[in-house]
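# Fold and geometry: a report
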Amino acid sequence: MSLGNFLIMRHEMLLIVAALSVLIAEIFWDPDKKKSIILFSVLLFAVITIIGFLPSTEGSLFGGMYISSGTRVLMKNILNIGVLLVLIQSVTWLKKEENSGKINEYFLLIISTLIGMNFMISAGHFLIFYIGIELATIPIAALAAYDRYRNKSAEAGIKLICHLHYHQEYCCTDYL
């Protein structure tokens, strides 16, 4: 398998690079200018969304477990546009003082969820689909519990995990 074969996984690789870029920005960014990471992250994701529309090769990887086709790439591009709209709309909310220490977490959770959704779209085997579900649902539960100082937010995160992974009658939130 050559390095060129991994271009079939272009969307996922770009999102992993974006997540690593946000992590590196958090480490090396000036603490007084943390809010400028919002603009950096949104512009980075906009570039990734534009790159997603470039022509790509079709094929499969890992013995047919990962499949790329024109329809699957189109679905990934639609998801990228939706997430870009969400990121643009959340800029004013992220600039609030109560969110100043959690800006990078928000972007990492959104990108991680999108990586999982992309894996579900390209799944050619149940194992990759399951990995995609896990990569998508765990960050979504963390986003539901994003405001850790509000009881409703923490409860929403716990309920989401329970409803996704257990039957409703055996859910751990019944005991809260």
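Okay, so let's go over this structure. (Residues numbered from 1 in each chain as written. Predicted model: local features only at pLDDT ≥ 70, side-chain atom pairs only at ≥ 80, totals over all residues. Heavy atoms only, no water.)

This part covers the overall build of the protein. For the protein, the helix and strand inventory stands at seven helices and two strands. The buried share of the protein, taken over its 176 residues, is 36%. Total accessible area computed for the protein in this model is approximately 10400 Å², and 68% of it derives from carbon and sulfur atoms. (Helix = DSSP H or I, 4+ residues; strand = E, 2+ residues; numbered from the N terminus. Buried < 20%, exposed > 50% of the residue type's maximum accessible area, 1.4 Å probe, protein only. Areas by Shrake-Rupley, 256 points an atom, 1.4 Å probe, with all protein chains shown as cover.)

Applying the stated criterion to the full structure yields one salt bridge. Lys 76 is the partner of Glu 12 in a salt bridge, and the nearest nitrogen-oxygen pair spans 2.9 Å. On the criterion of sequence distance, the pair formed by Glu 12 in helix α1 (residues 10-28) and Lys 76 in helix α3 (residues 70-89) is long-range, its members being 64 residues apart. Each member of the pair, Glu 12 together with Lys 76, is buried. (Salt bridge = Lys/Arg side-chain N within 4 Å of Asp/Glu carboxyl O.)

The next thing to look at is the side chain of Glu 12. Judged by relative accessible area, Glu 12 falls into the buried class, the value being 1%. A polar contact of 2.7 Å, which involves the side chain of Glu 12, links it to the side chain of Tyr 66. (Polar contact = N/O pair within 3.5 Å; in protein donor to acceptor, adjacent residues only side chain to side chain.)

Before going further, it helps to spend a moment on α1. Here α1 is 19 residues long and its end C-alpha atoms lie 27 Å apart, about the 27 Å a rise of 1.5 Å per residue gives. Among the residues of α1, those classed as buried are Arg 10, His 11, Glu 12, Leu 15, Ala 18, Ala 19, Val 22 and Ala 25. (Expected span 1.5 Å × (residues − 1).)

Turning next to the environment of Ile 78. On the secondary structure map, Ile 78 appears in helix α3. In this structure Ile 78 comes out as exposed when scored by relative accessible area, which is 54%. For the pair Ile 78 and Gly 52, spaced 26 residues apart in sequence, the C-alpha separation works out to 9.8 Å.

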